[in-house]
Amino acid sequence: MAESRIDQILEGECVEVMKSLPDASVDLVFADPPYNLQLGGDLHRPDNSKVAAVDNDWDQIGGFDEYDLFTWGWMEEARRVLKPNGAIWVIGSYHNIFRVGGILQDAGFWVLNDIIWRKSNPMPNFKGTRFTNAHETLIWAAKSKEARPTFNYAAMKALNDGVQMRSDWTLPICSGGERLKGADGKKAHPTQKPEALLHRVLLSTTNPGDIVLDPFFGTGTTGAAAKRLGRHFIGIERDPEYLDVARARLAAITPASTEALNVTQSKRAQPRIPFGALVERGLVKPGDTLYCPKGRHSARVRADGTLIAGDRAGSIHQVGAQLQSAPSCNGWTYWHVRTKQGLAPIDILRAEVRATLDS
C-alpha cells in the first residue's frame, strides 16, 4: 500500500517502482526527468577551465523516439497513481520540455499553467553562439479536464506581498551553502534544484498531509520541501550515491509545527455560508434594510434570506445586479448594514459565522 511507502525513498527504476504503487494513491507528482541534453563536446570558460556539464549516464536516453517512449512510460504510471483531483508538475529545458508537454496532453492531462523559472544568476553562455539560457519551464497540469486540483491562491498572493502571483518566477539557482557536496568536495548532483522553487510548488498546490511523489528524486529537494511543509513524500531514485545524500539530508530536517503550516485560505476553499444563515442566527433580521456602498440603493431583508427592492426580489446577488443593470454582482461586498461606525459590508457578518465553525 502507498501508506507503507510514504516518507520513504524507494530504490530502483522509476517505472518499475511506480508500478508497485496502488491506483489513485498520491495527491501530486513532481517530476524533474532527464533533460536528454544533446551536448557537442566539452565546454570551457574563457580562462580555459572546463565547465562541469551534465554528462551523466542517467541523462542520456537516446534519440527523440527513445526519449518519447521513456516519457510515455513514466507519465502513464504517474497518471495512474494520481487521485482523481490530483495534479502533476514537470520541469524541463528547451531540450525536452516541448516533447514532454505534447505527451502530457496526449496522455490525458489538462494543462493549467506553464511557469517560467527565471534564474537570477544563470550560467553564462561561454561560447557566445546562443542567448544565455536563463530560464527553465514548469508545466502544471491536472489529471483530467474534470479534475479540481488544489490551488492555494490566497496563500500565493500573501507570499507575494498581497499581489497576485504571476507565472514568471525569479529565483536563484542552487548555489552556496544549499548546494550539496559529495565526499570528494564536489557538487553531489549536477542539476540540484533550489528548495525555494519546490517550496512555492508545494505551498501552492498541496495541503498539509498530502502525498507527493517524485519519480526522479535525486538528492531529495522535493522531499526536503515536503517535510518542512508537513507534506508526505514518496521518492524514487536508482543511483545509490544520490540515495545516501538524500537520506542524510532528510534526516536533518525538522518539520514546522502544525500552527505554522496554516496558510491564508482562498474564499472558495472556506465553508459556504448562505446569506440565509445570517438571518437564522439573528445577525440580520427580517425587515432590516441593506444599503449599497454609496447609499443610492437599498433593499429589505425577507425571512428566507432573499431581498426585495421595489418590484425586484431575489438573492443578494440577483437584486444587486438588477439595481445596477449589471450582468452580475457580489452581494457580499455590495450590500452593507448600518452600524454605529457607519456602513459595513455584510461579508463581515459572514466571517463571524465562519469563525464559529472553525472554533
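What counts, and where the lines are drawn
Residues numbered from 1 in each chain as written. Predicted model: local features only at pLDDT ≥ 70, side-chain atom pairs only at ≥ 80, totals over all residues. Heavy atoms only, no water. Helix = DSSP H or I, 4+ residues; strand = E, 2+ residues; numbered from the N terminus. Rg over C-alpha atoms; globule rule 2.2 N^0.38 Å. Buried < 20%, exposed > 50% of the residue type's maximum accessible area, 1.4 Å probe, protein only. Areas by Shrake-Rupley, 256 points an atom, 1.4 Å probe, with all protein chains shown as cover. Lys, Arg positive; Asp, Glu negative; His and termini not counted. Charge placed at Lys NZ, Arg CZ, Asp CG, Glu CD. Phe/Tyr/Trp six-rings, centres within 6.5 Å; stacked < 30°, edge-to-face > 60°. Pairing = 2+ DSSP bridges. Axes fitted to C-alpha atoms, helices over the stretch in contact; angles between N-to-C directions. Contact = heavy atoms within 4.5 Å. pLDDT = per-residue confidence, 0-100.

Q: Quick one: what's the story with the overall build of the protein, residue by residue and with numbers?
A: Per the secondary structure count, the protein includes 11 helices and 14 strands. Taken over the C-alpha trace, the protein has a radius of gyration of 26 Å; the compact-globule value for 359 residues is 21 Å, which it surpasses by more than 25%. Viewed in the frame of its principal axes, the protein has a C-alpha envelope of about 80 × 50 × 40 Å. In the protein, which comprises 359 residues, the share counted as buried stands at 43%. With the model as given, the accessible surface of the protein reaches about 19,000 Å², and the carbon-plus-sulfur share is 50%. Of the side chains in the protein, 43 bear a positive and 41 a negative charge, and the two mean positions are spaced by 10 Å.

Q: Pulling in residues and values, what's your account of the packing of aromatic side chains?
A: In total, this model carries 10 aromatic pairs according to the counting rule given. Arranged with centres 5.4 Å apart and planes meeting at 85 degrees, the rings of Trp 74 and Phe 216 form a pair that is edge-to-face. Here Trp 74 is found in helix H2 (residues 64–81), whereas its partner Phe 216 is found in the loop between strand S7 (211–214) and helix H6 (221–228), with 142 residues between them in sequence. For the residue pair Trp 74 and Phe 216, the accessibility class agrees, reading buried in each case. Consider the rings of Trp 89 and Trp 140, whose centres lie 5.7 Å apart with planes at 10 degrees: the pair is stacked.

Q: Tell me about the sheet that holds strand S3 (residues 82–92), and name the residues and values.
A: Spatially, the eight strands line up as an open sheet ordered S1-S8-S7-S2-S3-S5-S4-S6, and their pairing is mixed. With one partner strand each, in any of the chains shown, strand S1 (8–11) and strand S6 (168–171) form the two edges of the open sheet. The sheet shows a mean angle of 20 degrees between the axes of neighbouring strands, taken without regard to direction. Most of the contacts of helix H5 (residues 195–205) go to S6, to which it runs at about 140 degrees, and overall it touches strand S2 (26–31), S3, strand S4 (110–119), strand S5 (135–142), S6 and S7.

Q: Any details on the confidence of the model for the protein? Residues and values, ideally.
A: Across the protein, the average pLDDT comes to 88, with 90% of residues at 70 or higher. Every residue in residues 39–46 scores below 50 in pLDDT, and together they form 18 contacts with partners more than four places removed in sequence or on other chains. Segment residues 48–54 is flagged for pLDDT under 50; beyond a separation of four residues in sequence, or across chains, it makes 19 contacts in the model.

Q: Any details on the environment of Phe 131? Residues and values, ideally.
A: For Phe 131, the location among the structural elements is in the loop between S4 and S5. It is 20 Å that separates the C-alpha atoms of Phe 131 and Ile 115, two residues lying 16 residues apart in sequence.

Q: Explain the side chain of Glu 136 to me, and be specific about the residues and the numbers.
A: Structurally, the position occupied by Glu 136 is in strand S5. Residue class for Glu 136 comes out buried when judged on its relative accessible area of 8%. Setting aside its immediate chain neighbours within four residues, Glu 136 contacts Tyr 35, Ile 91, Gly 92, Ile 115, Ile 116, Trp 117, Lys 119 and Lys 193.

Q: Describe in detail H6, supporting the description with residues and values.
A: Note that an α-helix has 3.6 residues per turn; residues three or four places apart therefore point the same way. In terms of burial, H6 is a largely internal element, six of the eight residues being buried. Where H6 is buried, its residues meet S2, H5, S7, strand S8 (232–237) and helix H7 (240–251). Just beyond H6, the residue with positive phi is Gly 230, at close to 75 degrees.

Q: Requested: an account of unusual backbone geometry, with residues and values cited.
A: One non-glycine residue, Asp 161, adopts positive backbone phi at about 55 degrees. Residue placement: Asp 161 occurs in the loop between helix H4 (153–159) and S6. Within the chain, Ser 325 stands out as a residue other than glycine whose phi angle is a positive 55 degrees. Relative to the helices and strands, Ser 325 is located in the loop between helix H9 (316–324) and helix H10 (331–334).

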